[in-house]
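Analysis of the macromolecular model
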Amino acid sequence: MKQFIDFIPLLLFFIVYKLDPRPMEVAGHSFEFGGIYSATAMLIISSLVVYGALFLRQRRLEKGQWLTLVACLVFGGLTLTFHSETFLKWKAPVVNWLFALGFAGSHFIGDRVLIKRIMGHALTLPDAVWTRLNVAWIGFFLFCGAANLFVAFTFQDFWVDFKVFGSLGMTVIFLVAQGVYLSRHLHDDPSTTKPKD
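In every chain, residue numbers begin from 1 and rise along the written sequence. Per-residue local features are limited, in this predicted model, to residues with pLDDT of at least 70; the limit for side-chain atom pairs, both in listing and counting, is 80 or more; totals at the level of whole chains, interfaces and linings are taken over all residues. Think of the side-chain values as coming from all heavy atoms in the structure, minus any hydrogens and water.

**Some points on the pairing of strand β2 (residues 29-33)**
Throughout this description, buried means an accessible area under 20% of the type-specific maximum (1.4 Å probe, protein chains only), exposed means over 50%, and partly exposed covers the range between. By the criteria applied, helices consist of DSSP H or I runs no shorter than four residues and strands consist of E runs no shorter than two, each listed in order from the N terminus. Burial analysis of β2 places just 0 of its 5 residues in the buried class, a small minority of the element. Here, strands pair whenever DSSP counts at least two bridges between them. In the sheet, strand β1 (residues 22-26) pairs with β2 via 5 bridges, with the strands oriented antiparallel. Looking at the pairing, Glu 25 lines up with Ser 30 of β2. Linkage of β1 to β2, two consecutive antiparallel strands, is achieved through a turn of 2 residues, within which Ala 27 is found at a positive phi near 50°.

Now the structure itself:
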């Protein structure tokens, strides 16, 4: 569910991006609504609203949500400041690779891998399964980052479509595959699971 909340600003970004640019006037200031730059402004504003509402409701944001928000503000801000969409194209790859780094680092820092810290309160699984699941998340984020970067700079007419629907599609497919994998292990009790030779 948290993954899909992150798509709300992205969906609003997509809708505004697809609008034909048209001049608008608000409080005596004229600006163009539609296209990449107003879509970027919408992404920043909607991210602040969504994560601000989550913060008010939960009194906290998770580290991944902070990372997503800060990346949105930094890369979106640079896009608007320098009037170059190149900065925004780097947002998805950088965020995905930072997530991969976080999951990878948890193999060496702390007593539990990151996916176990996130989901361990809801599931009881053998440590080997948690490790494989964590490695799968590393691979997923590395692949998503590379795919976003490739499409953004190779198929420039389609990068926004891919950023929204490609990312959503990859996430849904991965979560379904993860669910199928977990269903095979949900009845495993780590205390009774015998180590394999």
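More follows now that the structure is in view.
**Some remarks on empty space enclosed by the protein**
Using a grid of 1 Å spacing that covers the protein atoms alone, one calls a set of points a cavity when a 1.4 Å probe fits there but cannot get out, and a pocket when the set is open and has protein on both sides within 12 Å along at least five of seven lines; lining residues are those with an atom within 4 Å of a point. Grid points are joined across faces, edges and corners, and a volume is the space filled by probe spheres set on the points. As enumerated under the stated definition, the model contains 1 cavity of 30 Å³ or more in all. Of the voids in this model, the largest cavity is the one considered here, and its volume is about 40 Å³. For the largest cavity, the full set of lining residues is Lys 89, Ala 92, Pro 93, Asn 148, Val 151, Ala 152, Trp 159, Phe 162 and Lys 163. For the lining of the largest cavity, the secondary-structure elements that each account for two or more residues are α6 (91-105), α8 (127-154) and α9 (159-183).

**Some remarks on the pattern of salt bridges**
Here a salt bridge means any side-chain nitrogen of Lys or Arg lying within 4 Å of a carboxyl oxygen belonging to Asp or Glu. Enumeration over the complete set of coordinates arrives at 4 salt bridges. Glu 85 serves as the salt-bridge partner of Lys 89, at 3.4 Å between the closest nitrogen and oxygen. Taking relative accessible area as the criterion, Glu 85 reaches 23% and is therefore assigned partly exposed. A salt bridge links Lys 116 to Asp 127; its shortest N-O distance comes to 2.9 Å. Taken together, the residues Lys 116 in helix α7 (residues 114-119) and Asp 127 in helix α8 connect sequence positions 11 residues apart. The exposure class assigned to Lys 116 is partly exposed, which follows from its relative accessible area of 21%.

**A look at the packing of aromatic side chains**
The aromatic pairing rule takes the rings of Phe, Tyr and Trp, using the six-membered ring of Trp, and pairs them if the centres are within 6.5 Å, calling planes under 30 degrees apart stacked, those over 60 edge-to-face and the rest tilted. For the structure shown, the criterion picks out 14 aromatic pairs. A centroid spacing of 6.2 Å and a plane angle of 20° characterise the contact between Phe 13 and Tyr 17, whose relative ring orientation is stacked. With a gap of 4 residues between them, Phe 13 and Tyr 17 both fall in helix α2 (residues 7-18), about one helical turn apart. Phe 13 sits in the buried class, given a relative accessible area of 0%. Here Phe 140 and Phe 174 contribute two aromatic rings whose centre-to-centre distance is 4.4 Å and whose plane-to-plane angle is 15°, an arrangement assigned as stacked. A residue pair is termed long-range when its members are at least 10 positions apart, and Phe 140 in helix α8 and Phe 174 in helix α9 qualify at 34 residues. Since its relative accessible area comes to 9%, Phe 140 is described here as buried. Among the aromatic residues, those joined into a cluster by ring pairs are Phe 99, Phe 103, Trp 137, Phe 140, Phe 141 and Phe 174. Only when the NZ atom of a Lys or the CZ atom of an Arg is both within 6 Å of the ring centre and within 35 degrees of the ring normal do we say a charge sits over the ring. Over the ring of Phe 153 we find Lys 89; its NZ or CZ atom is 5.3 Å from the centre of that ring.

**A look at α2**
Residues separated by three or four positions in an α-helix point in the same direction, a consequence of the helix having 3.6 residues per turn. Between the first and last residue of a helix there are one fewer steps than residues, each counted as 1.5 Å, and that sum is the expected span. Between its terminal C-alpha atoms α2 stretches 16 Å, which fits the 16 Å expected from 12 residues at 1.5 Å a residue. Inspection of α2 places Phe 7, Pro 9, Leu 10, Phe 13, Phe 14 and Val 16 among the buried residues, and these make up the whole buried set.

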